[in-house]
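# Close look at the chain arrangement
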Amino acid sequence: MGEFGELFGGLTIFFFIATVMNYIVKFINRRFGREIAKYPEFKKVWMKLMKLLVKYHKYFGFATVASLMIHFLVQSNFKYISTTGLIAGGVMLSQLLLGMYGAFINKKRKGTWFITHRTISVALILAIAIHLATN
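The present account deals with the structure reproduced in this document.

## With respect to helix 3 (residues 57-78)
Between its first and last C-alpha, helix 3 extends 31 Å over 22 residues, near the 32 Å set by a 1.5 Å rise per residue. All of the buried residues in helix 3 are Phe 60, Gly 61, Thr 64, Val 65, Ser 67, Leu 68, His 71, Val 74 and Gln 75. Its buried side turned inward, helix 3 meets helix 1 (2-37), helix 2 (40-55), helix 4 (83-106) and helix 5 (112-134).

This is the structure in structure tokens:
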């Protein structure tokens, strides 16, 4: 069962990276869009990748939390509960709730909630790194 828990921990990281790539590809496109346009074949692939990551950002976020829940259930039932994991999970859940607020209630991509949503991502990366380093 330990391997099963590790699998879902890895899936959590995979889906989180896919979620964060939304910001990264948009940043790259804003910063280097003109240079990318000089290479039509690369631009074609880049645009498909970017559209995929942007379109499914919410779903990657939900998949992240779903895999986190399975990871938590397996680890807590068959191994132990990690304090750093609980902290990282709590930060991730707050990120999800804030994202849901922005997606379904506020619907504006500006303001305090949006800045906080991005800031929590950085905090979450640090929390995950600490969790991985201590377990």
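## Things to note about the environment of Lys 55
If you trace the backbone, Lys 55 turns up in helix 2. Residues Lys 55 and Asn 22 lie 33 residues apart in sequence; the distance between their C-alpha atoms is 8.8 Å.

## Here we look at the packing of helix 1 against helix 3
With their axes 8 Å apart at the nearest point, helix 1 and helix 3 run at an angle of 160° to one another. Viewed along their axes, helix 1 and helix 3 adopt a mutual orientation that is roughly antiparallel. When the axes of helix 1 and helix 3 are compared, the crossing they make is left-handed. Partitioned by chemical class, the residues of the contact of helix 1 with helix 3 number 11 nonpolar, 12 polar and one charged.

## Details of the side chain of Gln 95
Position of Gln 95 among the secondary structure elements: in helix 4. Judged by relative accessible area, which is 9%, Gln 95 ranks as buried. A distance of 2.6 Å separates polar atoms of two side chains, one belonging to Gln 95 and the other to Ser 121. Setting aside anything within four residues of it in sequence, one finds Gln 95 in contact with His 117, Ile 120 and Ser 121.

## Considerations on the nonpolar core
If you look at soluble globular proteins, the nonpolar side chains tend to sit buried side by side. Core analysis: the largest hydrophobic core is formed by 10 residues, namely Phe 16, Val 20, Val 65, Leu 68, Ala 88, Met 92, Leu 96, Leu 124, Ala 127 and Ile 128. If sequence neighbours within four positions are ignored, Leu 96 has contacts with Phe 62 and Val 65.

## Comments concerning the packing of aromatic side chains
For the structure on display, the rule yields seven aromatic pairs. Seen in terms of ring centroids, Tyr 101 and Trp 113 are 6.3 Å apart; in terms of plane orientation they differ by 80°. Their pairing is edge-to-face. A residue pair is termed long-range when its members are at least 10 positions apart, and Tyr 101 in helix 4 and Trp 113 in helix 5 qualify at 12 residues. Residue Trp 113 is classed as buried on the basis of its relative accessible area of 11%. An aromatic cluster is present here, built from Tyr 101, Trp 113 and Phe 114 joined pairwise through their rings.

## Section: a nonpolar patch on the surface
Nonpolar side chains collect at one region of the surface, where Leu 49, Leu 52, Tyr 56, Tyr 59, Phe 62, Leu 97, Met 100, Tyr 101, Phe 104 and Ile 105 lie side by side and expose about 990 Å² of accessible area between them. Listed by contribution, the elements that provide at least two residues to the nonpolar patch are helix 2, helix 3 and helix 4. Looking at the nonpolar patch, the element that brings in the most residues is helix 4, giving five residues. Under the relative-accessibility criterion, Tyr 101 is labelled partly exposed at 35%.

Procedures and definitions
Residues numbered from 1 in each chain as written. Predicted model: local features only at pLDDT ≥ 70, side-chain atom pairs only at ≥ 80, totals over all residues. Heavy atoms only, no water. Helix = DSSP H or I, 4+ residues; strand = E, 2+ residues; numbered from the N terminus. Expected span 1.5 Å × (residues − 1). Buried < 20%, exposed > 50% of the residue type's maximum accessible area, 1.4 Å probe, protein only. Contact = heavy atoms within 4.5 Å. Axes fitted to C-alpha atoms, helices over the stretch in contact; angles between N-to-C directions. Parallel < 35°, antiparallel > 145°, perpendicular 65-115°, else oblique. Left-handed = near helix turned anticlockwise from the far one by under 90°. Nonpolar A, V, L, I, M, F, W, Y, C, P; charged D, E, K, R; others polar. Polar contact = N/O pair within 3.5 Å; in protein donor to acceptor, adjacent residues only side chain to side chain. Core = buried A, V, L, I, M, F, W, Y, C linked by side-chain atoms within 4.5 Å. Phe/Tyr/Trp six-rings, centres within 6.5 Å; stacked < 30°, edge-to-face > 60°. Patch = residues over 30% accessible without salt bridge, like charges linked within 9 Å, V, L, I, M, F, W, Y side chains within 5 Å. Areas by Shrake-Rupley, 256 points an atom, 1.4 Å probe, with all protein chains shown as cover. Salt bridge = Lys/Arg side-chain N within 4 Å of Asp/Glu carboxyl O.

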